[in-house]
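# Coordinates in review
So you can see what is in the structure, the chains are spelled out below.
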Amino acid sequence: MNCLVSEEEIEQVAKLMKIDVHDHKEFVDKVHAMIDYFDILDSAGVDDEEISMQDIPLSKLREDKYIAYDDKLIEKLNHYKEKYVRAPKMM
Amino acid sequence: MNLKISALEYVQEVQNGNISAEDFTAKTLERISQIDDKLHAFLQVNSDAVDQARQIDKKIKSGEKVGACYGMPISIKDNICIKNSKTTCASKMLENFISPYDATVISKLKQEDAVFVGKANLDEFAMGLTTEFSAYGPSKNPWNQDYVPGGSSGGSAVSVASHECIASLGSDTGGSVRNPASFCGAVGYKPTYGLISRYGLISYANSIEQIGPITKTVKDTAFLLNLVTGLDTNDDTTTDNSGQDYLSGIDAGIEGKKIGIIQEMIVEGTDPAVLSATKNAISKFEGLGATCEDVSLDMVKYSVAAYYTITATEAGSNLARYDNLLYGYDFPVEGYEFNSYISKARTKFGPEVIRRMILGGFVPSAGHAGKYYLKALKVKQKLTEEINKVLQGYDYLIAPTVPILPFKIGEKIDDPIALFLVDINTVTSNLTGKPAISVPFAVSNGLPIGMQILANSMEDKSLLQAAHALEGTVKLPEVPI
């Protein structure tokens, strides 16, 4: 496949995103095909276009304050002890 | 009992005392149990629906104030949260997720005494356009069960078109309401971005997605919009529509209006039957007193690539929360180190979700963002400028909703690019924030064709008037199930 993006790069991204890819060829080929298709963006002639974002002043946003919620929700979790959720080891 | 009635007819019948909400809901559930084995529109059916309808009948009998829906059975796409019920997103990742809160649209419909008969099937996390990517199997097109119903809100469209409910709510990120509505012969509506709150809609691509109704008639869409639109403090992207009444004046017609026919959406590869339906729709519009002219939106050629780049990027970020620590499923932590635990848990994602997450990690990454993500944002910007300019001279823009007819289940599932191109006519309204509607317009070889109309932002009311006018010019055969 004529693609500037290497399989290794795609594998590396999958790893960084913490995704195990089992059917390796199937995934890499299809992701490759998609990225190849995106090359059409090169012919759009938009290099000089400015990206404008809509400004929303802070005053328009909801007040950033704590709203009490159902504190019994934690009891619905399976891996918790008192107020702590049990997570896997970091190392 | 006639389950084929529209939402407005249902309200009238209940108000006149000709039917009760309980009987109608019971018959609706009976129909679901009879035909849904074949169609698979639903992932879950609400077994309390009849009891809930009975409570609404009691309110009616006692003279208590009753909401505008009068116990109307509605289906909800399974990526919209209903408190204390499962919301799976058609994913094994959320197989047993019980939502702890109601989406804003659900709260609003509950206040209006709607009855939710069930959660409708979709492509996993709304990523797809056939429902073939649902982890629980595809829905089938009620017109011909060998064919796809469209997606991702395929279950919603099937449930409405086959009279398993009166109306449905779906979500539209790149055509996910309009595409299945077109394939199933229903009305599908993508409102102006911000018109309906997304609070409680499980996020896929926040910057462009919207909740939208799928109904049997355009008037029913206007009726539902009256109930679910408006500002929401839980969604800062919502827009104040000043309590707009979308139903009043819907018969206004389109005499003297100017309509642009988007040339880039009627391209080589368009099915001859779709082409012929489009020409016929143009004649109908002219017959109604509108003027139709060709218009050009050059950026449409690049819109699908821009759309998939932007949505994959946002999906890569949104789906990072499914790590089994924030969201996920019951899976013991013993024996796993942090990263391997998350990787292992994520194997429950289906293949399309994994592909889009990988894409979403790749296209905005250092070294590639300039070539892909930033360029996609620039295409989005230029497309918006182009459509704004064209809409200065035209009231509406039209094109077929999908350039091809529904295709067979399995026919395109292994070809991502072929699937991409099915979206070519629908993504423009998402990328530009404009409202768009698919109106059932023709049936060819026993399969429906929808016609799409777009309008300027916040011109939803006017758009519904045009759609209602077009709808009045056609009489389609009944769905054969």
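Quantities reported herein were computed from a predicted structural model and do not represent experimental measurements.

For the rest of this paragraph, the subject is the overall build of chain B. When helices and strands are counted, chain B shows 15 helices and eleven strands. Across its three principal axes, chain B shows a C-alpha extent of roughly 65 × 55 × 45 Å. Expressed as a percentage of the 481 residues in chain B, the buried residues total 59%. Residue pairs in contact within chain B that sit at least 24 positions apart in sequence constitute 76% of those at least 6 positions apart.

Right, let's talk about the overall build of chain A for a bit. The secondary structure content of chain A amounts to two helices and two strands. Going from the N terminus to the C terminus, chain A shows its helices and strands as α-α-β-β. Relative to a compact globule of 91 residues, whose C-alpha radius of gyration would be 12 Å, chain A shows 23 Å and is clearly more extended. A principal-axis box enclosing the C-alpha atoms of chain A has dimensions of 55 × 45 × 20 Å.

Here we take up helix α1 (residues 7–16) of chain A. Residues spaced three or four apart along an α-helix point in a common direction, a consequence of the helix completing one turn every 3.6 residues. Where α1(A) is concerned, the buried positions are Ile10(A), Val13(A) and Ala14(A). Projected down its long axis, α1(A) carries its buried residues within an arc of 100 degrees, all on one side. Opposite the buried face of α1(A), at more than 90 degrees from it, the exposed residues are Glu8(A) and Leu16(A). Its buried side turned inward, α1(A) meets α2 (24–38) of chain A together with α11 (351–362) of chain B. Looking at the residues trailing α1(A), positive phi occurs at Lys18(A), about 55 degrees.

Let us look at the confidence of the model for chain B. Mean pLDDT over chain B: 96, with 100% of residues reaching 70 or higher. Confidence metrics for the complex model read pTM 0.96 and ipTM 0.89.

Next up on the list: the environment of Lys301(B). Within the secondary structure, Lys301(B) is located in helix α9 (residues 300–318). Placed 214 residues apart in sequence, Lys301(B) and Thr87(B) show a C-alpha to C-alpha distance of 36 Å.

With that out of the way, let us pick up the sheet that holds strand β11 (residues 447–454) of chain B. Residue and element names in this part refer to chain B. A sheet is described by the order of its strands in space; here eleven strands give the open sequence β1-β3-β2-β4-β6-β5-β10-β11-β9-β7-β8, paired in mixed fashion. Each having just a single partner strand, β1 (42–45) and β8 (291–295) make up the two edges of the open sheet. With strand direction ignored, the average angle separating the axes of adjacent strands in the sheet is 30 degrees. Relative to β8, strand β7 (residues 258–262) is paired through five bridges, and the arrangement is parallel.

The next point concerns the domain arrangement of chain B. Residue and element names in this part refer to chain B. What the domain assignment lists for chain B is domain 1 (7–252 + 405–471) and domain 2 (300–375). Just the C-alpha atoms count here: the centres of domain 1 and domain 2 sit 26 Å apart. Between domain 1 and domain 2, the contact holds 27 residues from the first and 21 residues from the second. Of all elements in the fold, only α13 (416–422) and α14 (427–432) reach the threshold of two or more residues within the side of domain 1 that touches domain 2. Per-element tally for the side of domain 1 that touches domain 2: the top contributor is α14, with four residues. Per-class residue counts for the side of domain 1 that touches domain 2 are twelve nonpolar, ten polar and five charged.

Residues and elements named next belong to chain B. Every buried residue of helix α4 (residues 104–111) is listed here: Thr104, Val105, Ile106, Lys108 and Leu109. Buried residues in α4 make contact with β2 (73–77), β4 (167–172), β6 (210–215) and α7 (218–228). Just downstream of α4, Asp113 is the residue with a positive phi angle, here 60 degrees.

Counting residues at the interface gives 43 residues for chain B, matched by 37 residues for chain A. Broken down by secondary-structure element, the contributors of at least two residues to the side of chain B that touches chain A are α9, α10 (338–345), α11, α12 (373–390) and α13 of chain B. In terms of residue count, α12(B) provides more of the side of chain B that touches chain A than any other element does, eight residues in total. Class assignment of the residues belonging to the side of chain B that touches chain A gives a composition of 25 nonpolar, nine polar and nine charged.

With that out of the way, let us pick up the environment of Glu26(A). Within the secondary structure layout, Glu26(A) lies in helix α2. For the pair Glu26(A) and Lys81(A), spaced 55 residues apart in sequence, the C-alpha to C-alpha distance is 42 Å.

This part is about the pairing of strand β5 (residues 187–190) of chain B. All names here are of chain B. Across the two faces of β5 the burial is the same, with Val187 and Tyr189 and Gly188 and Lys190 all buried. In terms of strand pairing, β5 meets β6 through two bridges, oriented antiparallel. Residue pairing for β6: Val187 is matched across the bridge by Thr215. Of the strand pairs in this sheet, β5 and strand β10 (residues 436–444) are connected by three bridges, and their pairing is antiparallel. Pairing of Tyr189 across the sheet is with Ile437, part of β10.

This brings us to the nonpolar core. Generally speaking, nonpolar side chains in soluble globular proteins are found buried as a group. Residue and element names in this part refer to chain B. In terms of nonpolar packing, the biggest core is built from 165 residues, with Ile74, Ile358, Tyr396 and Ile453 touching the most fellow members. In terms of residue count, the dominant contributor to this core is α9 (ten residues). Both domains that furnish three or more residues to this core are identified here as domain 1 (7–252 + 405–471) and domain 2 (300–375). Once residues within four sequence positions are removed from consideration, Tyr396 is found in contact with Lys257, Ile259, Ile453, Leu454, Ala455, Leu463 and Ala466.

Turning to the pairing of β11(B), a few remarks are in order. Regular strands show a simple pattern: their side chains alternate between the two faces of the sheet. Residue and element names in this part refer to chain B. With respect to burial, β11 is a largely interior element, seven of its eight residues being buried. For strand β9 (residues 396–400) and β11, the ladder comprises four bridges, and the chain directions are antiparallel. Looking across to β11, one finds that Ala399 is bridged to Gln452. Pairing analysis gives eight bridges linking β10 to β11, with the strands arranged antiparallel. If you follow Ala436 over to β11, its bridge partner there is Leu454.

Take unusual backbone geometry next. Of note, the bond from Gly151(B) into Ser152(B) is cis; its omega dihedral lies within 30 degrees of zero at 5 degrees. Mapped onto the fold, Ser152(B) is located in the loop between β3 (115–120) and α5 (154–161).

For the rest of this paragraph, the subject is the environment of Val50(B). Residues and elements named next belong to chain B. Following the sequence through the fold, Val50 ends up in helix α3 (residues 49–62). Assessed through the 20 C-beta atoms surrounding it within 10 Å, Val50 is described here as buried. If we skip the residues at most four places from it in the chain, Val50 touches Glu22, Thr25, Ala26 and Leu29.

Criteria and cut-off values
- Residues numbered from 1 in each chain as written.
- Chains lettered and ligands numbered in written order.
- Predicted model: local features only at pLDDT ≥ 70, side-chain atom pairs only at ≥ 80, totals over all residues.
- Helix = DSSP H or I, 4+ residues; strand = E, 2+ residues; numbered from the N terminus.
- Buried ≥ 20, exposed ≤ 12 C-beta atoms within 10 Å, placed from the backbone.
- Contact = placed C-beta atoms within 7 Å.
- Rg over C-alpha atoms; globule rule 2.2 N^0.38 Å.
- Arc of directions from axis to C-beta.
- pLDDT = per-residue confidence, 0-100.
- Pairing = 2+ DSSP bridges.
- Axes fitted to C-alpha atoms, helices over the stretch in contact; angles between N-to-C directions.
- Domains from an automatic or database assignment.
- Nonpolar A, V, L, I, M, F, W, Y, C, P; charged D, E, K, R; others polar.
- Core = buried A, V, L, I, M, F, W, Y, C linked by C-beta atoms within 7 Å.

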